[in-house]
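Each chain is listed here by its residues.
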Amino acid sequence: MFRGRDVLSILDFSASELEHLFRKASTIRQGNGLRGKILATAFFEPSTRTRLSFETAMLKLGGSVIGFGGEEATSLAKGENLADTIRMLDAYADAIVIRHPLEGAAKLAAEVAEVPVINGGDGKQHHPTQAMVDLYTIRKEMGRIEGLRVALVGDLRYGRAATSFLYGLCKFGVEKLFLVSPPSLRPREEVLEFLRSSGVEHELTEDLGRVVGEVEVMYVTRIQKERFPDPSEFEKVKGSYKLTVELAERMKEGAIILHPLPKVDEIELGVDENEHARYFQQAAYAVPVRMALLSLILKGG
Ligand code: NCD
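Small disclaimer: the values here were computed from a predicted structure and weren't measured.

A.B. asks: I'd like to hear about the nonpolar core, residue by residue, with values.
C.D. replies: With 60 residues, the main nonpolar core has Leu 21, Met 132, Val 150, Leu 152, Leu 166, Leu 169 and Leu 177 as its most contacted residues. Of the domains in this structure, domain 1 (10–126 + 285–298) and domain 2 (128–283) are the two that each give at least three residues to this core. By size, the runner-up hydrophobic cluster in this structure holds 28 residues, among which are Tyr 241, Leu 243, Ala 248 and Leu 261.

A.B. asks: Let's hear about the side chain of His 259: which residues, and what values?
C.D. replies: Following the sequence through the fold, His 259 ends up in the loop between β9 (256–258) and α11 (279–299). Relative accessible area serves as the criterion here: at 1%, His 259 is assigned to the buried category. A distance of 2.7 Å separates a polar atom in the side chain of His 259 from a polar atom in the side chain of Glu 266.

A.B. asks: How would you sum up the packing of helix α2 (residues 49–60) against α11? Please name residues and give values.
C.D. replies: Each pair of packed helices can be described by the angle between their axes along with the distance between the axes. With their axes 8 Å apart at the nearest point, α2 and α11 run at an angle of 55° to one another. In terms of axis orientation, α2 runs oblique to α11. In this structure, the crossing between α2 and α11 has a hand that is right-handed. Within the contact between the two elements, α2 uses Arg 49, Thr 50, Ser 53, Phe 54, Thr 56, Ala 57, Met 58 and Lys 60 and α11 uses Ala 283, Ala 286, Val 287, Arg 290, Met 291, Leu 294 and Leu 298.

A.B. asks: Got a sec to walk through the site of the ligand? Specific residues and values, please.
C.D. replies: Taken together, the neighbourhood of the ligand is formed by Thr 50, Arg 99, His 127, Gln 130, Arg 160, Arg 222, Gln 224, Pro 260, Leu 261 and Pro 262. In the model, an oxygen atom of the ligand is placed 2.8 Å from a nitrogen or oxygen of the Gln 224 side chain. When the ligand sits alone it has 320 Å² of accessible area, and the protein chains cover 94% of it. Residues belonging to the shell around the ligand are distributed by class as follows: three nonpolar, four polar and three charged.

A.B. asks: Any details on the packing of helix α1 (residues 15–27) against helix α5 (residues 128–142)? Residues and values, ideally.
C.D. replies: Running from N to C, α1 and α5 cross one another at 70°; their axes reach a closest spacing of 11 Å. By the angle between their directions, the pair α1 and α5 is classed as roughly perpendicular. In this structure, the crossing between α1 and α5 has a hand that is right-handed. Residue-level contacts link Leu 18, Glu 19, Leu 21, Phe 22, Ala 25 and Ser 26 of α1 to Met 132, Leu 135, Tyr 136, Arg 139 and Lys 140 of α5. Residues belonging to the contact of α1 with α5 are distributed by class as follows: seven nonpolar, one polar and three charged.

A.B. asks: Please provide a residue-by-residue account of the domain arrangement of the protein chain, values included.
C.D. replies: Along its sequence, the protein chain is organised into domain 1 (10–126 + 285–298) and domain 2 (128–283). Taking the mean C-alpha position of each, domain 1 and domain 2 sit 25 Å from one another. Taken together, the 30 residues of domain 1 in the interface contact 32 residues of domain 2. The contact between domain 1 and domain 2 buries some 2,800 Å² in all, and 64% of this surface belongs to carbon and sulfur atoms. Taken as a group, Ile 10, Lys 124 and Tyr 285 account for 31% of the area that domain 1 buries against domain 2, more than any other trio of residues on that side. Its salt-bridge partner being Glu 19, residue Arg 139 comes within 2.2 Å of it at the nearest N-O pair. Summed over the shared surface of domain 1 and domain 2, the number is 14 residue pairs in polar contact (both at pLDDT 80 or more). Within the residue set of the side of domain 1 that touches domain 2, elements represented by two or more residues are α1, α2, β3 (95–100), β4 (117–122) and α11. Sort the elements by how many residues they give to the side of domain 1 that touches domain 2 and α1 lands first, with seven residues. Of the residues in the side of domain 1 that touches domain 2, the class split is 16 nonpolar, seven polar and seven charged.

About the criteria used
Residues numbered from 1 in each chain as written. Predicted model: local features only at pLDDT ≥ 70, side-chain atom pairs only at ≥ 80, totals over all residues. Heavy atoms only, no water. Core = buried A, V, L, I, M, F, W, Y, C linked by side-chain atoms within 4.5 Å. Buried < 20%, exposed > 50% of the residue type's maximum accessible area, 1.4 Å probe, protein only. Domains from an automatic or database assignment. Helix = DSSP H or I, 4+ residues; strand = E, 2+ residues; numbered from the N terminus. Polar contact = N/O pair within 3.5 Å; in protein donor to acceptor, adjacent residues only side chain to side chain. Axes fitted to C-alpha atoms, helices over the stretch in contact; angles between N-to-C directions. Parallel < 35°, antiparallel > 145°, perpendicular 65-115°, else oblique. Left-handed = near helix turned anticlockwise from the far one by under 90°. Contact = heavy atoms within 4.5 Å. Near = heavy atom within 4 Å. Areas by Shrake-Rupley, 256 points an atom, 1.4 Å probe, with all protein chains shown as cover. Nonpolar A, V, L, I, M, F, W, Y, C, P; charged D, E, K, R; others polar. Buried area = accessible area lost by both parts, 1.4 Å probe. Salt bridge = Lys/Arg side-chain N within 4 Å of Asp/Glu carboxyl O.

Take a look at the structure:
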């Protein structure tokens, strides 16, 4: 069901396929299942967790990794086009993870490459493997996704992690979504249209204080400064929301705080020690989820 597949959008995967992935992630162990296989990482944008957790996952399964971060170090700096770069990686590796500032770059790479292409984030559009990690974290920490009330907080307009997470949640019968952001950072019209047609109950609000006590999951995101077409628009919204210790203390018992990371100033430092915080655990789950994904794509099962 996964073997040889491209991973371009979370929308391409059914709930039962994602359940299959989560079961695999729960049981996968270090081993040599991918010995002799090579993963290429082509990162044209900064990354810490996505790139390093993919590399860790591949190495733990006995495979090898080649790749680059930043186009300065590649022939793109000499004027080579993306399609030619991908063609070369296709000849060298068994799978490619690509991150790129332009929407649609992963899709283009998948059209050029014979080997499976995994989208590690394309502009503001999709970040499917982050959504897999986020949904898995909820399953592990809360035991279920169905019936939960979830708040997505922050830059819901330019944040690809938030958008992919939202699409993913809609597959699992959540009870209600609260979309908490300043008006200018609300989800884009195509995402709101998706929400309306999905039939999932949702509410757009600016009032984090009113929502904190209502939800089982609070998903906070960074303002995507680098994606603002106009820097003065960023100046208007920066610092416009913050999850403080005082707000975190008002959350329901057993509720969890997630963040795809990196966080800048949208979560007060003291929240890291709060009983609800799970974002570092979430980042750690990236390794078993990406191990499971690589194994399913390259070996099947
Ligand atoms: C996210 C991304 O790159 O979209 N980071 C990640 O992969 N964990 C979120 C962000 O950069 O804010």
